[in-house]
Amino acid sequence: IVGGRPGSGKTAMGLQMLHNIARANKHGEHCLIFSNEMSWESLITRAVSEVTRVAGETLTTDAMTLPEPVRRRFFDDLLWMEKLPVAIDDTSGITTKQMIARIQRYQRRHPVGPILFDYIELAGDHEGKSELERITEIVRQLKIVARTIDVPMIALSQLSRGVDTRADKKPIMADLRYSGEAQADQIIALYRPEYYDPADRPGECDALLLKQRNGEAGGTYTIRFYKELMSFGDMEANQ
């Protein structure tokens, strides 16, 4: 699970993780994206911006205004992107049962690799007497999917509003109280100080490892966040 407040970059993180896997893919596996929140057009714009390093604002206005060398690289990157084995399903309110059926249909044509689900709380499943039971069951089903087809499942989750009311706004496990944390093998929470104070460590993001089933949790990894590109990179890149 990758958790974060709205606008913290969790969708960007999930997309970038999937793209990195797709780039290194040597076995012809197809990565799948199930998006309950963003349309496929918005996801494509995000993906193009991340890969080409051209700001989304420019993409939605006129990419032809780019300088010639940048424009040439831009279209080369687009051609390369078209070959990436990534498929998007932006059905709103999709249930885990519907997702399983669609994955199975896709498997009949292509080998399936990692799957991204954005995001848990918007799944259409209604089983359970409480929200906690509902979310727990959703995460349990997602884990069953991952184990059945033997691929990683990256599920995004929105942290509770409680984090915004604390003096220390770094996420803790309790901020994912409705996110089925007991079922997850690994939980990463994103914290961008500038999200709360634009002058506080601008361009930096802490990835907090809140849970690691087969290892030690508690680590903090600081990475660079490029807001205009909605993408992440190593801190050393700008040093």
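> When you look at the packing of helix H2 (residues 40-52) against helix H4 (residues 68-81) in this model, what are you seeing that I'm missing?
For any two helices packed against each other, one specifies the crossing angle of their axes together with the interaxial distance. Two elements in contact, H2 and H4, have axes whose closest approach is 10 Å; the angle formed by their N-to-C orientations is 120°. With respect to H4, the axis of H2 lies oblique. Here the hand of the crossing between H2 and H4 comes out right-handed. Of the residues in H4, those touching H2 at Ala47, Val48, Val51 and Thr52 are Arg73, Phe74, Asp77, Leu78, Trp80 and Met81. The residue makeup of the contact of H2 with H4, split by class, is seven nonpolar, one polar and two charged.

> Would you mind going over the nonpolar core with me for this structure?
Among soluble globular proteins, nonpolar side chains are generally buried collectively. Counting residues in each nonpolar core, the largest one holds 27 residues, and the members touching the most others are Leu32, Phe34, Ile103, Ile115, Phe117, Ile120 and Leu142. For this core, the secondary structure elements donating two or more residues are strand S2 (30-35), helix H5 (96-107), strand S4 (112-118), helix H6 (131-149) and strand S5 (153-158). Sort the elements by how many residues they give to this core and H6 lands first, with seven residues. With sequence-adjacent residues up to four places away left out, isoleucine 103 is seen in contact with Leu32, Phe34, Val112, Ile115, Val145 and Ile149. The next biggest cluster of nonpolar side chains, apart from the first, holds 21 residues, and it includes Cys31, Leu84, Leu116 and Phe232.

> Just checking my understanding: could you explain a nonpolar patch on the surface for this structure?
Taken together, Trp40, Ile44 and Ile88 make up a surface patch of nonpolar side chains, about 260 Å² in accessible area. Here tryptophan 40 lies in helix H2. Given a relative accessible area of 45%, tryptophan 40 falls into the partly exposed group.

> In this structure, what is going on with the layout of surface pockets? I would like to understand it.
Rolled over the atoms, a probe with the dimensions of a water molecule shows which regions are left empty. Empty space within the largest pocket amounts to approximately 410 Å³. Every residue lining the largest pocket is counted, 18 residues in all, and those nearest its centre are Ile1, Met153, Ile154, Asp185 and Gln186. Element by element, the count of residues in the lining of the largest pocket is highest for H6, at five residues.

Thresholds applied
- Residues numbered from 1 in each chain as written.
- Predicted model: local features only at pLDDT ≥ 70, side-chain atom pairs only at ≥ 80, totals over all residues.
- Heavy atoms only, no water.
- Axes fitted to C-alpha atoms, helices over the stretch in contact; angles between N-to-C directions.
- Helix = DSSP H or I, 4+ residues; strand = E, 2+ residues; numbered from the N terminus.
- Parallel < 35°, antiparallel > 145°, perpendicular 65-115°, else oblique.
- Left-handed = near helix turned anticlockwise from the far one by under 90°.
- Contact = heavy atoms within 4.5 Å.
- Nonpolar A, V, L, I, M, F, W, Y, C, P; charged D, E, K, R; others polar.
- Core = buried A, V, L, I, M, F, W, Y, C linked by side-chain atoms within 4.5 Å.
- Buried < 20%, exposed > 50% of the residue type's maximum accessible area, 1.4 Å probe, protein only.
- Patch = residues over 30% accessible without salt bridge, like charges linked within 9 Å, V, L, I, M, F, W, Y side chains within 5 Å.
- Areas by Shrake-Rupley, 256 points an atom, 1.4 Å probe, with all protein chains shown as cover.
- Salt bridge = Lys/Arg side-chain N within 4 Å of Asp/Glu carboxyl O.
- 1 Å grid on protein atoms, 1.4 Å probe; cavity = no way out; pocket = protein on both sides within 12 Å on 5 of 7 lines; lining within 4 Å.
- Points joined across faces, edges and corners; volume = space filled by probe spheres on them.

Interpretation in functional terms is not warranted from these geometric data alone.
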